[in-house]
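Listed here are the chains, written in short residue letters.
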Amino acid sequence: MSCFSGKMAIYKNLSIDRFDGNNLNASAFFLSHCHTDHMVGLDSEHLIHGLKQKPATRLYVSEITEILLLSDPRYTILKKYVQVLPVEEPQLISFRVQSHTEEVTVTLLPAAHCPGSVMFLFEGSEGTALYTGDFRLPKGSGPRMKFLHSGSGMLKVIDHIHVDTTFCVPNAFYIPSREQCLEALRGLVGDWINKGAQHVVRINMGAKYGYEYLYEALYHLFKKKIYCSRKQHYKCLPELANILTDDPKNSQIYACYKTEKVKEKGTNRMLEGDDKVSVGLAGLKFLYITLSTLYFTHEAKPEDVKLQISDNHYRLCFSFHSSLAEVCDFLSYLRPKFIHANVIPSSGETFKSVEDRLKNLCFKTIATSASYGHDKLEIYGTYRPFGKAVSSRKSFDIKDVGEKSKSLQKKSYALISFDNDTSDEELTYGPRKRKRCS
């Protein structure tokens, strides 16, 4: 959960992913993605009042984030203040600070966390700052990011980085890649639903957005629509909506919140019992698969992707966030002057303890490894293209919300996933608790 205050170390007149308290005085706002811990205060009367007092103030987002945001009735009042910035196209932004105008160049970079998620790169008179928001970047991502380098390929000097430290603890040094998760999921789902039409897989999920990669992959693998009671949330993303169904009778693969009870469409008739009973009330035979990350940081070995909990229940490791090794790889390449943690990852930790851990690990990596060259981009070697789209499509039409009726062509960054280098480091696992931040 994000603990970021909304203010960076520089460009303090800007606020990112926090919309309450002192942030209400910001000259410009930025939203990295549509997860609630990054949207605190975004629907408050205080924010709306402040925007009305300063009508030139803007909330800057990616195209996909704009669509997801404004498809929620709570945020439609923000419509005239929202301004889309293109991904991987530097934009010069002007904003008023008291009696004068200031400027900063902002570049949005894909964060591979959930649809529309981006990092913000700020460049201007105060220096260069990178705010990652939440991200899941595999090893080797830094050299592939064009806009972290100058036109000649030289790595830019990053003065401050505000980085996602959700799993920056030793127990989470290594986290299996999304591709490894999908491979394990494919095996479990295929083996179960191939037993017959009454065999149903229920995939338990914990967040509103971020699993779309799995929806698309499962649909294309098994040619079956995915049941999702929240299908209406994707009506503004037709290509996703078209592979989902809100009628459980039309699917053998259910994507559900962990506490959600599946009912027959249009009735209150339950279609399942609980995860201790494999036969549902309608004669359906259920296999339960719970996606999680924290469980694997203290109950599994580093090489584990799935664990069987009971005869009909598995846990599968799936993470929206980079592991400690992946974060260190990114920071070791960038070599920022100052590292700022966005998350306190567990009880007993502080921002300083997390930042000191990263500095020690990353400086050690820099001193002992010759794997990265920083003079030219090409020194690091030959790379695969930066990320790959989940499907082979180049773009997809998205119907805008509100009174817009035209279709927008979107880049494939919206549902981007990455090939992930893996590590065979062995770890000692121990119990761990997360700390909530306000």
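Sequence positions are assigned chain by chain, starting from 1 and proceeding in written order. Two thresholds apply to this predicted model, a pLDDT of at least 70 for residue-level local features and 80 or more for giving and counting side-chain atom pairs, whereas whole-chain, interface and lining totals are computed over all residues. Excluded from the side-chain calculations are hydrogens and water; all other atoms, namely the structure's heavy atoms, are used.

Inclusion rule: UniProt positions are given in the numbering used here, feature names are shortened, and annotations may be inferred rather than shown by experiment.
The name that an unreviewed UniProt entry assigns to the protein chain is Protein artemis, with the source organism given as Clavelina lepadiformis. The UniProt entry for the protein chain carries the following comment under Subcellular location (unreviewed entry): "Nucleus". Looking at the protein chain in UniProt, the text filed under Sequence similarities (unreviewed entry) is "Belongs to the DNA repair metallo-beta-lactamase (DRMBL) family."

### A word on the sheet that holds strand β17 (residues 338-341)
The cut-off we apply is this: When DSSP finds two or more bridges between two strands, those strands count as paired. Helix and strand assignments follow DSSP, with helices taken as H or I runs no shorter than four residues and strands as E runs no shorter than two, numbered in order from the N terminus. For helices, the fitted line uses only the C-alpha atoms of the stretch in contact; every axis is such a line through C-alpha atoms, and the angle between N-to-C directions lies from 0 to 180 degrees.
With mixed pairing, the six strands of this open sheet are ordered in space as β5-β6-β7-β8-β9-β17. Whereas interior strands pair on both sides, the edge strands pair on one side only; in this sheet they are β5 (91-97) and β17. Put simply, the sheet's adjacent strands are angled 25° from each other on average, direction ignored. Note: strand β6 (residues 100-110) against strand β7 (residues 118-124), six bridges, orientation antiparallel. By the bridge assignment, L109 is partnered in β7 with M119.

### Focus: the nonpolar core
Keep this limit in mind: Put simply, buried Ala, Val, Leu, Ile, Met, Phe, Trp, Tyr and Cys residues joined by side-chain atoms within 4.5 Å make one nonpolar core. Relative accessibility thresholds used throughout: buried, under 20% of the residue-type maximum; exposed, over 50%; partly exposed, between the two (1.4 Å probe, protein chains only). Contacts: residue pairs with any heavy atoms within 4.5 Å of one another.
Counting residues in hydrophobic clusters, the biggest one holds 61 residues, and the most contacted among them are L42, L59, L69 and Y215. Per-element tally for this core: the top contributor is helix α4 (residues 178-193), with eight residues. The contacts of Y215, once residues within four sequence positions are left out, are M205, I226, C228, R230, Y234, I243, L244 and A255. Formed by 28 residues, the second largest nonpolar core is a distinct cluster that contains L130, I158, I161 and C168.

### Some remarks on helix α8 (residues 324-334)
With respect to burial, α8 is a largely interior element, 11 of its 11 residues being buried. Turning to α8, its buried residues number three or more, namely L324, A325, E326, V327, C328, D329, F330, L331, S332, Y333 and L334. Within two residues after α8, R335 carries a phi angle of roughly 50°, on the positive side.

### Concerning the packing of aromatic side chains
For clarity, the cut-off: Stacked, tilted and edge-to-face are the three classes applied to pairs of Phe, Tyr and Trp rings, where Trp contributes its six-membered ring and a pair requires centres within 6.5 Å; stacked means planes under 30 degrees apart, edge-to-face means over 60, and tilted covers the rest.
Applying the stated rule across the entire model yields 17 aromatic pairs. Seen from their ring centres, Y209 and Y234 are 5.9 Å apart, and the 80° between their planes marks the pair as edge-to-face. Of this pair, Y209 sits in the loop between β10 (199-205) and α5 (212-222) while Y234 sits in the loop between β11 (226-227) and α6 (238-241), and the two are 25 residues apart along the sequence. Each member of the pair, Y209 together with Y234, is buried. When the ring of Y254 is compared with that of F286, the centres are 6.0 Å apart and the planes differ by 65°; the resulting orientation is edge-to-face. Here F286 lies in strand β14 (residues 285-292) and Y254 lies in strand β13 (residues 253-257), a separation of 32 residues in the sequence. A single burial state applies to Y254 and to F286, both of which are buried.

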